[in-house]
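This is what each chain is made of:
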Amino acid sequence: MAFVVSRSQPPSPSPGSRDRSLRPFKCAQAGIPHYWRIEEEGGLPVIHTYELDETTRAYVATGIHRDRMKTAVPFGIDIDLIRLVR
């Protein structure tokens, strides 16, 4: 099982832009089946999740998690995102 978690860095537009385009492209080309991008909205974490489409070798969005991150893929996880910052 392989996956990548990437945190966007809001203060500089360049790293955030790279996190949204170049990094996912490179991970998809490497065949990494799951990609998560963590960002911040209004002081709270937001997790964008993606799964690799084997045919196109591109990521497909599987969710945007704001209050709670709950998924079974690539492993079972249930996190109250609000409690992380309180």
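Bear in mind the structure is a predicted one, so any value in this text is a computation, not a measurement. (Residues numbered from 1 in each chain as written. Predicted model: local features only at pLDDT ≥ 70, side-chain atom pairs only at ≥ 80, totals over all residues. Heavy atoms only, no water.)

### Thoughts on the nonpolar core
Moving on, step 1. If you look at the biggest cluster of nonpolar residues, it comprises 7 residues: Cys 27, Ala 28, Ile 32, Tyr 35, Tyr 50, Leu 52 and Tyr 59.
Moving on, step 2. Breaking this core down by element, the ones donating at least two residues are helix 2 (22-29) and strand 3 (44-53).
Moving on, step 3. Beyond its immediate stretch of four places on either side in the chain, Tyr 50 contacts Pro 33, His 34, Tyr 35, Trp 36, Arg 37, Tyr 59, Val 60, Ala 61 and Thr 62. (Core = buried A, V, L, I, M, F, W, Y, C linked by side-chain atoms within 4.5 Å. Buried < 20%, exposed > 50% of the residue type's maximum accessible area, 1.4 Å probe, protein only. Helix = DSSP H or I, 4+ residues; strand = E, 2+ residues; numbered from the N terminus. Contact = heavy atoms within 4.5 Å.)

### Concerning the packing of aromatic side chains
Moving on, step 1. One pass over the structure, following the stated rule, counts 3 aromatic pairs.
Moving on, step 2. Relative to Tyr 50, the ring of Tyr 35 has its centre 6.1 Å away and its plane inclined at 50°; by these criteria the two rings are tilted. Residue Tyr 35 is found in strand 2 (residues 34-41), and its partner Tyr 50 is found in strand 3; the two are separated by 15 residues along the sequence.
Moving on, step 3. The class of Tyr 35 is buried, set by a relative accessible area of 0%.
Moving on, step 4. A relative accessible area of 18% means that Tyr 50 is categorised as buried.
Moving on, step 5. With a centroid separation of 5.7 Å and 50° between ring planes, the pair formed by Trp 36 and Phe 75 is classed as tilted. Taken together, the residues span a long stretch of sequence, with Trp 36 in strand 2 and Phe 75 in the loop between strand 5 (68-71) and strand 6 (77-80) at a distance of 39 residues.
Moving on, step 6. What makes Phe 75 partly exposed here is its relative accessible area of 26%.
Moving on, step 7. Counting every residue linked through ring pairs, the aromatic cluster contains Tyr 35, Tyr 50 and Tyr 59. (Phe/Tyr/Trp six-rings, centres within 6.5 Å; stacked < 30°, edge-to-face > 60°.)

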